[in-house]
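Architecture and fold: a report
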Amino acid sequence: MPCWLDVMSSTPPEASSGQDAHFRALESLYRTAPINHLFDSEIEIMGPGKCDIWFNVDERHLHAAGAVHGSAYFKMLDDAAFYAVNSLVTDRFVLTTAFNLLFTRPIQPGRLRATGRWISGRKRIYVGEARLIDADGEEAGRGTGTFMRSRIPLAGLPGYSNGA
């Protein structure tokens, strides 16, 4: 059975020269965002439309019944899909306009990986999706979001530095 990430037939554009600098600048932007100081996480943009983020969740992220709170699922999945999409947009910050989340199993504290990828869109509206994989290698959640180009230039954001 094929992986759900491989089912879609859309393929992202080919990487262009200088795009690696854009990926590293987006990674820098992620690391400097104040919200991300609340999470022990690492980001890697592997290519156009592909992003992995590793999160270490602990007792601070639990709800009253002892599993990771749904807000953390959203954060991890939205970030992975968002950065996969923004890897294709080199001049503007994209904004999440909608995000659908499916919880497939509870998460206990540990190391998690959110894998995001671009699905469709090339001009103003984009669709991205992400999977959340728990410490046992099992899917714990998945989500699909729509993202749109904003009027906010990436170059003007603190933390976005592409070495130019």
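Below or above, wherever it landed, is the structure these notes cover. Fair warning: this is a prediction, and the values are worked out from it, not measured in the lab.

Things to note about the packing of aromatic side chains
Under the criterion given, the structure shown has 7 aromatic pairs. For the ring pair Phe 82 and Tyr 83, a centre distance of 4.8 Å and an interplane angle of 75° mean the geometry is edge-to-face. Each member of the pair, Phe 82 as well as Tyr 83, carries the same accessibility label: buried. Three or more aromatic residues link up through ring pairs in this structure, and these residues are Tyr 30, Phe 82, Tyr 83, Phe 93 and Phe 147. Taking the ring centre of Phe 39 as reference, the NZ or CZ of Lys 75 above it sits at 5.4 Å.

Quick look at the environment of Phe 23
Among the structural elements, Phe 23 can be located in helix α1 (residues 19-32). Residue class for Phe 23 comes out buried when judged on its relative accessible area of 5%. Spatially, the C-alpha atoms of Phe 23 and Asn 86 are 9.0 Å apart, while their sequence positions differ by 63 residues.

Points about the side chain of Thr 115
If you trace the backbone, Thr 115 turns up in strand β4 (residues 110-120). Reaching out from Thr 115, the side chain makes a polar contact with the side chain of Asp 52 at a distance of 3.0 Å.

Side note on the nonpolar core
Residues Met 76, Tyr 83, Ile 107 and Leu 132 are the most contacted members of the largest nonpolar core, which totals 38 residues. Listing elements by their share of this core, those giving two or more residues are α1, β1 (40-47), β2 (50-57), α2 (70-86), β3 (92-103), β4, β5 (125-133) and β6 (139-153). At 10 residues, α2 tops the list of elements feeding residues into this core. Look past the residues within four positions of Tyr 83 in its chain and what remains in contact with it is Leu 26, Leu 29, Tyr 30, Ile 43, Ile 45 and Cys 51.

Section: the pattern of salt bridges
Considering all chains together, one arrives at 12 salt bridges under this definition. The residue Glu 139 makes a salt bridge to Arg 131 at a minimum N-O spacing of 3.1 Å. Judged by its relative accessible area of 16%, Glu 139 is buried. A single salt-bridge network, built from bridges that share partners, covers Asp 20, Arg 24 and Glu 27.

What counts and what doesn't
- Here, residues in each chain are numbered from 1, in the same order as that chain's written sequence.
- Totals for whole chains, interfaces and linings use every residue, but because this is a predicted model, local features are given only for residues with pLDDT of at least 70 and side-chain atom pairs only at 80 or more, for both listing and counting.
- Values reported for side chains reflect all heavy atoms of the structure, with hydrogen atoms and water molecules removed beforehand.
- Two rings from Phe, Tyr or Trp (for Trp, the six-membered ring) form a pair when their centres are within 6.5 Å of each other. A pair whose planes differ by under 30 degrees is stacked, one over 60 is edge-to-face, and the rest are tilted.
- When accessible area is computed with a 1.4 Å probe and restricted to protein chains, residues below 20% of their type maximum are described as buried, those above 50% as exposed, and intermediate ones as partly exposed.
- Over a ring means this: the NZ of a Lys or the CZ of an Arg is within 6 Å of the ring centre and within 35 degrees of the ring normal.
- Numbering of helices and strands runs from the N terminus, with a helix taken as a DSSP run of H or I at least four residues long and a strand as a DSSP run of E at least two residues long.
- Between N or O atoms, a polar contact is any pair within 3.5 Å; within protein, one atom must be a potential hydrogen donor and the other a potential acceptor, and residues adjacent in sequence are included only when both atoms are from side chains.
- Definition used in this section: a nonpolar core is a set of buried Ala, Val, Leu, Ile, Met, Phe, Trp, Tyr and Cys residues joined via side-chain atoms within 4.5 Å.
- Contact definition: two residues touch when any of their heavy atoms are within 4.5 Å.
- Whenever a carboxyl oxygen of Asp or Glu lies within 4 Å of a side-chain nitrogen of Lys or Arg, that contact is scored as a salt bridge.

In short, shape yes, function no, at least from these values alone.
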